[in-house]
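Given next are the chains, with one letter for each unit.
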Amino acid sequence: MRVTGRLLFVLIAAVTSLGAMSQERAEQPDTEIRIGNVMPYSGPLSEFGAIGQAEAAYFDMVNARGGINGRKIRFITRDDNSDPATALELTRNLVEKDDVHVMFGSFGTPGNLAARWYLNEKKIPQLFVASGDEELSQARAFPWTMGWQPSFRSEGRIYANYIQAYYPRKKIVVLWQNDQFGRALLRGMEEGLGDLNRLVLVDIAFDINDEHLDGHVSILKRAGADIFVFLGVPSTASKVIKLAASMKWRPVFIVNDASASIANAMAPAGLENSSGVISAAFLKDPSDPAWKDDPAMRDWFAFMDKYHHDESTNSSAALYGYAAAEALTQVLKQCGDDLSRENIMRQAASLRDYQPSVALPKIRMNTSPNNYLPIRQMRLVQFDGRSWQPFGDVIETAFTEGAAR
């Protein structure tokens, strides 16, 4: 009895001591801001790993300048190999082992959808996901998940509106990436075309590692269309543009924003072959000479030279990461001393006319508790063989209001 009593006393003392330590830890102010991130640094979409690398470099710059409100950033990024199950597992580890304040900028629709239920259940901010799928911007259903870029579906509608305005009777063919990204773009275009869908002669889905692109392009050419819409990634876009040129086919060529990079798509395809290509954009193209004297782009080149010299300064994916990290930094600055997850989400949902420095002129971020689509504006642009030339006004009317669902 004496031993048991002594043991009980020791256990009570230990539990009391641990409780005091836990309370003391909880009362101690955080000296860092922990940010979790998942990227495809390997696998079929590894070209987009440049987004995460640029974000890491951006936060290195922030730390070198003193951090945010006296706290340093710890950016913890992991490779999911473009696998949704791996993305979910890595996200769980970042929350439960690394105790991140926020998940930020993770890439891709499937991985973010896989992690969404878990993060909302745990009330962990899933901010500025690197996907334009509207399902990741549903404020009412998933109040802890917020997109960043314009929606893929709405971008597809922009191309439909362009075709209706400029080529209302012309025949159309479409080559689209067979995943959620490509399907969302295609769906938006089909919705926008409405009755004009009868002018779509052929549409072909391709896989990311498709080895039959020449066959696909040949089929599309033989259909006799005037307009060729490509919806996919830049490495494939460059091959397709080059193939069309080699077949002496010069349709009106439309490519989606993710593929509209001079350095990563137009130049590899051949500048002459790419001349005349139409797209829509919301960020500046770092490989576009039109921006060489722009103050924000000079800051970009200086940043790349000092903090991220391993990556090409012409990388549009890296510029995307830079802009997204800049936006998150603005949110964290607005948080002041209150870094609770609730306040991080509150500040993310209260951005007013915020403009990322490398966004195109007049492109603004606006959010509210009922609007989780921060960027809903784009510009139509045409490649002249050297630079992207904007035409028309900033487009807002093509965008849906999916954020409040």
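A few points on the structure. Just so it is clear, the structure is predicted and the values come from calculations on it, not from any experiment. (Residues numbered from 1 in each chain as written. Predicted model: local features only at pLDDT ≥ 70, side-chain atom pairs only at ≥ 80, totals over all residues. Heavy atoms only, no water.)

1. Let's talk about the overall build of the protein chain
In step 1: For the protein chain, the count of helices and strands is 13 helices and eleven strands.
In step 2: The C-alpha radius of gyration computed for the protein chain amounts to 24 Å, which stays within 12% of the reference 22 Å derived for 405 residues, consistent with globular compactness.
In step 3: Taking the principal axes of its C-alpha atoms as reference, the protein chain extends roughly 95 × 45 × 35 Å.
In step 4: Looking at the protein chain as a whole, 54% of its 405 residues are labelled buried. (Helix = DSSP H or I, 4+ residues; strand = E, 2+ residues; numbered from the N terminus. Rg over C-alpha atoms; globule rule 2.2 N^0.38 Å. Buried < 20%, exposed > 50% of the residue type's maximum accessible area, 1.4 Å probe, protein only.)

2. Considerations on the pattern of salt bridges
In step 1: The tally for this structure, following the rule as stated, stands at nine salt bridges.
In step 2: A salt bridge links Arg34 to Glu32, with the shortest nitrogen-to-oxygen separation between them at 3.4 Å.
In step 3: Relative accessible area serves as the criterion here: at 9%, Arg34 is assigned to the buried category.
In step 4: Residues joined in a network through salt bridges with shared partners are Glu32, Arg34, Arg74, Asp99 and Arg341. (Salt bridge = Lys/Arg side-chain N within 4 Å of Asp/Glu carboxyl O.)

3. Concerning empty space enclosed by the protein
In step 1: The full count for this structure, using the stated rule, is one cavity of 30 Å³ or more.
In step 2: Each pocket or cavity is described by its volume, and for the largest cavity that value is around 80 Å³.
In step 3: For the largest cavity, the lining is made up of 16 residues, of which Thr91, Met103, Ser106, Asn112 and Gln126 are closest to its centre.
In step 4: Every element with two or more residues in the lining of the largest cavity is listed here: helix H3 (84-96), strand S3 (102-104), helix H4 (109-122) and strand S4 (126-127).
In step 5: With four residues, the single largest contributor to the lining of the largest cavity is H4. (1 Å grid on protein atoms, 1.4 Å probe; cavity = no way out; pocket = protein on both sides within 12 Å on 5 of 7 lines; lining within 4 Å. Points joined across faces, edges and corners; volume = space filled by probe spheres on them.)

4. Considering the pairing of strand S7 (residues 227-231)
Side-chain positions along a regular strand alternate between the two faces of the sheet.
In step 1: Counting buried residues in S7 gives five out of five residues, a clear majority hidden from the surface.
In step 2: Burial of S7 is two-sided: the residues Ile227, Val229 and Leu231 facing one way and the residues Phe228 and Phe230 facing the other way are all buried.
In step 3: The pairing of strand S5 (residues 172-177) with S7 spans five bridges and is parallel. Following the sheet pairing, Ile172 is matched in S7 by Ile227.
In step 4: As defined by bridge partners, S7 adjoins strand S8 (residues 252-255) across four bridges and the pair is classed as parallel. Considered in S8, the bridge of Phe230 is made with Val255. (Pairing = 2+ DSSP bridges.)

5. Considering the pairing of strand S10 (residues 378-383)
In step 1: Extensive coverage of S10 is indicated by the burial of five of its six residues.
In step 2: Here four bridges tie strand S9 (residues 278-281) to S10, and the two strands are oriented antiparallel to one another. Looking at S10, one finds that Ile278 is bridged to Gln382.
In step 3: A loop of four residues connects S10 with strand S11 (residues 388-395), the two strands running antiparallel in sequence, and Gly385 in this loop sits at a positive phi of about 95°.

6. Concerning unusual backbone geometry
In step 1: Here Phe128, not a glycine, exhibits a phi torsion of approximately 50°, which is positive.
In step 2: On the basis of relative accessible area, Phe128 is assigned to the buried category, the value being 1%.
In step 3: A positive phi is found at Lys362, a non-glycine position, where the angle reads about 75°.

7. Topic: the nonpolar core
In step 1: Ranked by size, the top nonpolar core spans 117 residues in total, and within it Ile35, Phe128 and Trp148 carry the most contacts.
In step 2: With twelve residues, the single largest contributor to this core is helix H12 (residues 316-334).
In step 3: Sequence-distant contacts of Trp148, that is, excluding residues within four places in its chain, are made with Phe128, Val129, Phe282, Leu283, Tyr320, Ala323, Ala324, Ala327, Pro356, Met365, Pro374 and Ile375.
In step 4: Counting residues in each nonpolar core, the second largest holds twelve residues, with Ala87, Leu90, Val95 and Ile124 among its members. (Core = buried A, V, L, I, M, F, W, Y, C linked by side-chain atoms within 4.5 Å. Contact = heavy atoms within 4.5 Å.)

8. Comments concerning the packing of helix H11 (residues 295-307) against H12
In step 1: As a packed pair, H11 and H12 sit with axes 12 Å apart at the nearest point and diverge in direction by 105°. The angle between H11 and H12 places the two elements in the roughly perpendicular class. The residues of H12 that touch H11, namely those facing Met297, Asp299, Trp300, Phe303 and Met304, are Ala318, Leu319 and Tyr322.
In step 2: Split into classes, the residues belonging to the contact of H11 with H12 amount to seven nonpolar, no polar and one charged. (Axes fitted to C-alpha atoms, helices over the stretch in contact; angles between N-to-C directions. Parallel < 35°, antiparallel > 145°, perpendicular 65-115°, else oblique. Nonpolar A, V, L, I, M, F, W, Y, C, P; charged D, E, K, R; others polar.)

9. Focus on the sheet that holds strand S1 (residues 32-39)
In step 1: Within the open sheet, the four strands sit side by side as S2-S1-S3-S4. Their pairing is parallel. Two strands bound the open sheet, and with one partner strand each, they are strand S2 (72-79) and S4.
In step 2: Where S1 lies against S2, eight bridges are found, and the strand directions are parallel. Counterpart to Glu32 in the pairing with S2 is Lys72.
In step 3: Sheet strands in contact with helix H2 (residues 49-64) are S1, S2 and S3, and its direction is about 165° off that of S2.
In step 4: Its contacts with the sheet place H3 against S1, S2 and S3, and it is angled at close to 170° to S1.

10. Overview of the packing of aromatic side chains
One pair of aromatic rings is described through two measures. These are the centre distance and the angle between the planes.
In step 1: Considering all chains together, one arrives at 22 aromatic pairs under this definition.
In step 2: Geometrically, the ring pair formed by Tyr58 and Phe59 is edge-to-face, given 6.1 Å between the ring centres and 90° between the ring planes.
In step 3: Residue Tyr58 is classed as buried on the basis of its relative accessible area, which comes to 8%.
In step 4: Judged by centre distance (6.2 Å) and plane angle (25°), the rings of Phe303 and Tyr307 are stacked. One end of the pair, Phe303, and the other, Tyr307, are both in helix H11, four residues apart, so they sit about a helical turn from each other.
In step 5: On the accessibility criterion, Phe303 (2% relative accessible area) is buried.
In step 6: An aromatic cluster is present here, built from Tyr58, Phe59, Phe75, Phe104, Trp300, Phe303, Tyr307 and Tyr322 joined pairwise through their rings.
In step 7: The ring of Trp291 is capped by Lys284, whose NZ or CZ atom sits 5.0 Å from the centre of that ring. (Phe/Tyr/Trp six-rings, centres within 6.5 Å; stacked < 30°, edge-to-face > 60°. Lys NZ or Arg CZ within 6 Å of the ring centre and 35° of its normal.)

Honestly, that's just the spatial picture; any functional story needs more than this.
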